[in-house]
Amino acid sequence: MESVLINDYPNYQVIVIDNNSPNNSMEYIKKWAEGKLNVWVKPDHPLRHLSFPPIKKPITYVYYTREEAEKGGNSKLEANLNRKMPEGITTKYPLVFIQAGKNLGFAGGNNVGIRYALTKNDFEYIWFLNNDTVIEKDALSKMVQKFEKYKKEGKKVGILGSKLLYYDRPEIIQGIGGIYNKWFAVAKHLGIFEEDKGQYDNEEVIDKIDYIIGASMLVSKEFIEEVGVMCEDYFLYFEEMDWTLRGKKKGYQLGYCWKSKVYHKEGGSIGSSSKGNKKSEIADYYGLRNRIVFTKKFYPKYLWSVYLGFVVVIWNRVRRGQIKIIPKILKILFI
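About the thresholds
- Residues numbered from 1 in each chain as written.
- Predicted model: local features only at pLDDT ≥ 70, side-chain atom pairs only at ≥ 80, totals over all residues.
- Heavy atoms only, no water.
- Helix = DSSP H or I, 4+ residues; strand = E, 2+ residues; numbered from the N terminus.
- Buried < 20%, exposed > 50% of the residue type's maximum accessible area, 1.4 Å probe, protein only.
- Salt bridge = Lys/Arg side-chain N within 4 Å of Asp/Glu carboxyl O.
- Pairing = 2+ DSSP bridges.
- Axes fitted to C-alpha atoms, helices over the stretch in contact; angles between N-to-C directions.
- Contact = heavy atoms within 4.5 Å.
- Phe/Tyr/Trp six-rings, centres within 6.5 Å; stacked < 30°, edge-to-face > 60°.
- Lys NZ or Arg CZ within 6 Å of the ring centre and 35° of its normal.

1. A word on unusual backbone geometry
- With an omega of -5°, the peptide bond running from Phe 52 to Pro 53 counts as cis.
- With respect to the element layout, Pro 53 can be found in the loop between helix 1 (25-33) and strand 2 (61-65).
- Omega for the bond connecting Lys 57 with Pro 58 falls within 30 degrees of zero, at 0°, which places this linkage in the cis form.
- Among the structural elements, Pro 58 can be located in the loop between helix 1 and strand 2.
- Backbone geometry at Ala 185 places phi at a positive 55°, although glycine is not the residue there.
- The phi torsion at Phe 238 lies on the positive side, around 80°, for a residue other than glycine.
- Positionally, Phe 238 belongs in the loop between helix 6 (221-227) and helix 7 (239-249).
- On the basis of relative accessible area, Phe 238 is assigned to the buried category, the value being 8%.

2. A look at the pattern of salt bridges
- For the structure on display, the rule yields 19 salt bridges.
- Between Lys 155 and Glu 153 there is a salt bridge, with the nearest N and O atoms lying 3.5 Å from each other.
- Overall, Lys 155 belongs to the partly exposed group, its relative accessible area being 34%.
- Its relative accessible area of 41% is what places Glu 153 among the partly exposed residues.

3. Details of the sheet that holds strand 5 (residues 95-99)
- The sheet built from three strands is open, its strands ordered 1-5-2 with parallel pairing. Sheet topology places strand 1 (14-18) and strand 2 at the edges, where each strand pairs with a single neighbour. Strand-to-strand twist in this sheet, taken as the mean axis angle between neighbours without regard to direction, amounts to 20°.
- Here strand 1 runs beside strand 5; their pairing, made up of five bridges, is parallel. Of the residues in strand 5, the one forming a bridge with Val 14 is Leu 95.
- Helix-sheet contacts for helix 1 involve strand 1, strand 2 and strand 5, and the interaxial angle to strand 5 is about 165°.
- Sheet strands touched by helix 4 (residues 105-120): strand 1, strand 2 and strand 5. Its angle to strand 1, the strand with the most contacts, is close to 140°.

4. What to know about the pairing of strand 11 (residues 186-189)
- Where strand 10 (residues 178-181) lies against strand 11, four bridges are found, and the strand directions are antiparallel. Bridging from a neighbouring strand, Tyr 180 pairs with Ala 187 of strand 11.

5. Comments concerning the packing of aromatic side chains
- Here the structure, examined in full by the defined rule, presents 21 aromatic pairs.
- Each ring, one from Tyr 234 and one from Phe 238, has its centre 6.4 Å from the other, and the planes form 20°; the classification is stacked. Here Tyr 234 and Phe 238 have matching classes, each one buried.
- The ring of Tyr 63 has Lys 30 sitting right over it, with the charged end atom 3.6 Å from the ring centre.
- The side chain of Lys 182 reaches across the aromatic face of Tyr 299, ending 5.9 Å from its centre.

Below is the structure:
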């Protein structure tokens, strides 16, 4: 939040969705906004400058339940949030907090924010940004510039991604975009674990990826209105690919902005990393379950090979000693 609120784009609003966190997350965020709680980053961390010095507190915010937000919130209350920037632009800086009331999953939580924004109808883009990220100051402005460039070129881009780098190793790429193997319903990130030497700083990257990684994606209002909100069938994982394929049916393309750098701690939302042996049980379950859900929806003729791939899945879990997940895998396969 500290890094987001010092970004250099002049006209934006931050919407924070809490999926009913069991650890009082929203109360901590409120205390931070009120100036009662400081963010701490190691003094020698290479990205400390993106969050320090902290922005001036307190920060005005409004707080809604899911029901209040999806009905459009309180316009009188929100009028107090508007302020004039030096350039004379009225911006809805800073904050709207929304409590979902229960864990709606990745798509469900984001959809609460989308529906709130749509009631306002005062935006051109929504930037979906994971809670475990820190951004460069110009990350958003570079994305918007790139989107506008695509428009001038006559390209129908719906979703645009950033260059994702590891927060604790900012010179190492976490992902440029996703590559999907429909034979076994598995995905991987292009560029993962590679040192960033500018090798992906070109437009040809778009031809190599199948979807934008959900940790940072800028989506146009036009895309949302024409394609619809995120599909909530998955709870976790595969939502970006679902959105992408639905968009392609409407003629939408993907976009990529290598000048927009976002540093990802990875796994902060679900208590795990992307590596199979470090995934939380809930992440592992939905990652496997949704291989079948997604394949049935978009690539049914590949179901046989996806099912066959579960032989390897079960063997890997046994080899790692992850015996507890085996009954759930069998449930996925046979129920």
